[in-house]
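Fold and contact review
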Amino acid sequence: MKIQEINIPGKLTRKESVLRHSFLEQVDTIPGGEKIKSCIQCGTCSGSCPLSYAMDVMPRELIALFRAGDIESILRSRTIWICASCYTCQTRCPSSIKVTDIIYALKRIAMERRIYAKKFPVHSLSDSFIKSIYRFGRLNEPRLMILYFMRTGILKAFSFIPLGLKMMRKGRLELRVSKVKGIDGLRKIMKKAEKLDIPFEKEKLPFMPEAVGYKSVS
Amino acid sequence: MNYNYYPGCSLQSAHKGYDKSCRAVFNSLGCDLIEIEDWNCCGATIYMSINEVTALAVASRNLALAEKTKRDLVTPCSSCFTILNKANRFIQNSIEVRDKVNSCLAEGGLNYNGTVRVRHPLDVLINDVGIEIIRLQIKIPLEELKIANYYGCQIVRPEKGFDDREDPTTMENLFEAAGASNVYFPYKLRCCGGMLMTTFEEAALKLSKEILECAIENGADCIVTTCPLCQMNLEAYQNEIHNKYKTKVGIPILFFTQVLGAALGLSNEELGIDSNFYRCKKLVEIKNKKSYTAQTVHSVI
Ligand code: SF4
Ligand code: SF4
């Protein structure tokens, strides 16, 4: 993977500084999130991860990149979308770092800023998911799949037909959605909640060269 | 004892067997599962990755509904369990988060104070009902049934819950009480790939293959699981796995409530066993053999 260029050691570009701000704010909301500073780079997380073989940035490297002040490289990596949130790394980390929750925070930033790894469709799945909930309040898996395939390429849908038929025979394919009765209330709740997560660009950030690397660890 | 019951979306469609068997098992042990009125989707793990406040608000609408009744909330789906638990913990830990969430809930005329306990059926069975009571209720001991207990990632992690995070043994104890034997199964917590089966199939097939292989090599008759997503990944993709890796497949994947229910003498119909893709031949054999003796014992009593 190509590491993004950082011009001056110890200083951050504006974009990076915005990302960093937004990331630290997200990490702040995780109970125990501040522990990210005490990573000892032992590699237990990478070694425990069942999916690290497919990642371009290992979980340990992810923390290292954050320290080095290169969050953009993390966001552009496939790693955050490959993570299956199995919590193995988080459970085993000797410094109690909330690795999985941190990856969630990174996913949120990537979604919000539309910085993605190339050709990785996880966010399409999430988008379809949200639509589904907003409409019915509950999720219908077959419908979700259909929405998802409509966005990512209908061809792949055909490979799911035999499975669909099998499920149907077993009475496990339910196309009817039971809509939540209080859907209006739920929608109001969701609308309000969306307003509370202010996207960061809207606030004016002064350009500030920030300390990164070991200085930031304090 | 009565509990609030939150089935979750996937138990309403692809995993009706889990829903049915869970209700039946609790019923036969004298507990009532009362479905939360008008619950909504918990947001699943995916929502957490998009917008945190929305995720928390969507999940806590259910908690707020449950709070009204002052009963513990029981949910069998691993994903719902983790999300509801996580949202609950966030809200309990921070007044700021609670206020934020409540200001959203107020729009829907609700309020949540953070008093609900979110629990897994396994936890309730072991800690509230008690293993000795269950042992007494066993009608068809599952002798000779060899089980690989698969917990999946999400019910004992990330925070310390009702069991150990590296080597949980709740299901082992439960099935030992039901007379079955548990095989050596080091992959009991290994990830099955989860949602990656849709977005990154290659990796998910590999992970699922390793779990199936481990169970088959250790001589299990079936894999018993607690998670709908794991059940789906392990069961529905066995053909793909065989085509890709040429490994031996064909092992039945059952929900723990289905196997426990069988030991409690419930019928296949009540447990929704017929909706599984693979029949557990050993379980059928045991049931056929034992049901006769069970009947005679009962008539004597
Ligand atoms: S296990 Fe924890 S301390 Fe070790 S490298 Fe990973 S995050 Fe850092
Ligand atoms: S939570 Fe993600 S990064 Fe951590 S071990 Fe699991 S798959 Fe790997």
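Shown above is the structure to which this text applies.
Residues numbered from 1 in each chain as written. Chains lettered and ligands numbered in written order. Predicted model: local features only at pLDDT ≥ 70, side-chain atom pairs only at ≥ 80, totals over all residues. Heavy atoms only, no water.

A short note on the overall build of chain A
Summing up its helical and strand segments, chain A has 13 helices and 0 strands in all. Along chain A, helices and strands appear, N-terminal first, in the series α-α-α-α-α-α-α-α-α-α-α-α-α. Taken over 218 residues, chain A has a buried fraction of 51%. Considering only intrachain contacts with a sequence separation of at least 6, the fraction spanning at least 24 residues in chain A is 72%. Entry remark: accessible area of chain A is about 10900 Å², with carbon and sulfur atoms responsible for 59%. (Helix = DSSP H or I, 4+ residues; strand = E, 2+ residues; numbered from the N terminus. Buried < 20%, exposed > 50% of the residue type's maximum accessible area, 1.4 Å probe, protein only. Contact = heavy atoms within 4.5 Å. Areas by Shrake-Rupley, 256 points an atom, 1.4 Å probe, with all protein chains shown as cover.)

Regarding the site of ligand 1
Close to ligand 1 lie 13 residues, the nearest being Cys39, Cys42, Gly43, Cys45 and Cys93 of chain A. Here the shell around ligand 1 is built from residues that sort into 8 nonpolar, 4 polar and 1 charged. (Near = heavy atom within 4 Å. Nonpolar A, V, L, I, M, F, W, Y, C, P; charged D, E, K, R; others polar.)

Looking at unusual backbone geometry
Look at the link from Arg157 of chain B to Pro158 of chain B: it is a cis peptide, with omega at 0°. For Gln41 of chain A, which is not glycine, the phi dihedral falls at a positive 55°. With respect to the secondary-structure elements, Gln41 of chain A resides in the loop between helix 1 (14–29) and helix 2 (44–48). Judged by its relative accessible area of 25%, Gln41 of chain A is partly exposed. Of note, the phi angle at Asp38 of chain B is positive, near 55°, even though the residue is not glycine. With respect to the helices, strands and loops of the structure, Asp38 of chain B is situated in the loop between strand 2 (32–35) and helix 2 (44–48). Taking relative accessible area as the criterion, Asp38 of chain B reaches 16% and is therefore assigned buried.

With respect to the packing of helix 3 (residues 52–67) of chain B against helix 5 (residues 95–105) of chain B
What describes two packed helices is the angle between their axes and the distance between those same axes. Residues and elements named next belong to chain B. Contact pair helix 3 / helix 5: the axes reach a minimum separation of 9 Å and the direction vectors enclose 70°. In terms of orientation, helix 3 and helix 5 fall into the roughly perpendicular class. On helix 5, the residues that touch Val53, Leu56, Ala57, Ser60, Arg61 and Ala64 of helix 3 are Val97, Lys100, Val101, Cys104 and Leu105. Classifying every residue of the contact of helix 3 with helix 5 gives 8 nonpolar, 1 polar and 2 charged. (Axes fitted to C-alpha atoms, helices over the stretch in contact; angles between N-to-C directions. Parallel < 35°, antiparallel > 145°, perpendicular 65-115°, else oblique.)

Notes on the sheet that holds strand 7 (residues 222–225) of chain B
Residues and elements named next belong to chain B. Sheet architecture is open: 4 strands sit in the order 6-5-7-8, paired in parallel fashion. Across the chains shown, the open sheet's two edge strands, defined by having one partner strand only, are strand 6 (181–182) and strand 8 (253–255). Sheet topology note: the strand 7/strand 8 ladder contains 3 bridges and is parallel. The residue bridging Val224 from the neighbouring strand is Leu254, located in strand 8. Sheet contacts for helix 7 (residues 170–177): strand 5 (146–150), strand 6 and strand 7; angle to strand 5, the most-contacted strand, approximately 155°. Its contacts with the sheet place helix 10 (residues 228–236) against strand 5, strand 7 and strand 8, and it is angled at close to 165° to strand 8. (Pairing = 2+ DSSP bridges.)

Quick word on helix 9 (residues 201–217) of chain B
All names here are of chain B. For helix 9, spanning 17 residues, the distance from its first C-alpha to its last is 24 Å, which sits close to the expected 24 Å at 1.5 Å a residue. Close packing links the buried residues of helix 9 with strand 5, helix 8 (196–199), strand 7, helix 10, helix 11 (238–245) and strand 8. One or two residues past the end of helix 9 sits Gly219, with phi positive at roughly 80°. (Expected span 1.5 Å × (residues − 1).)

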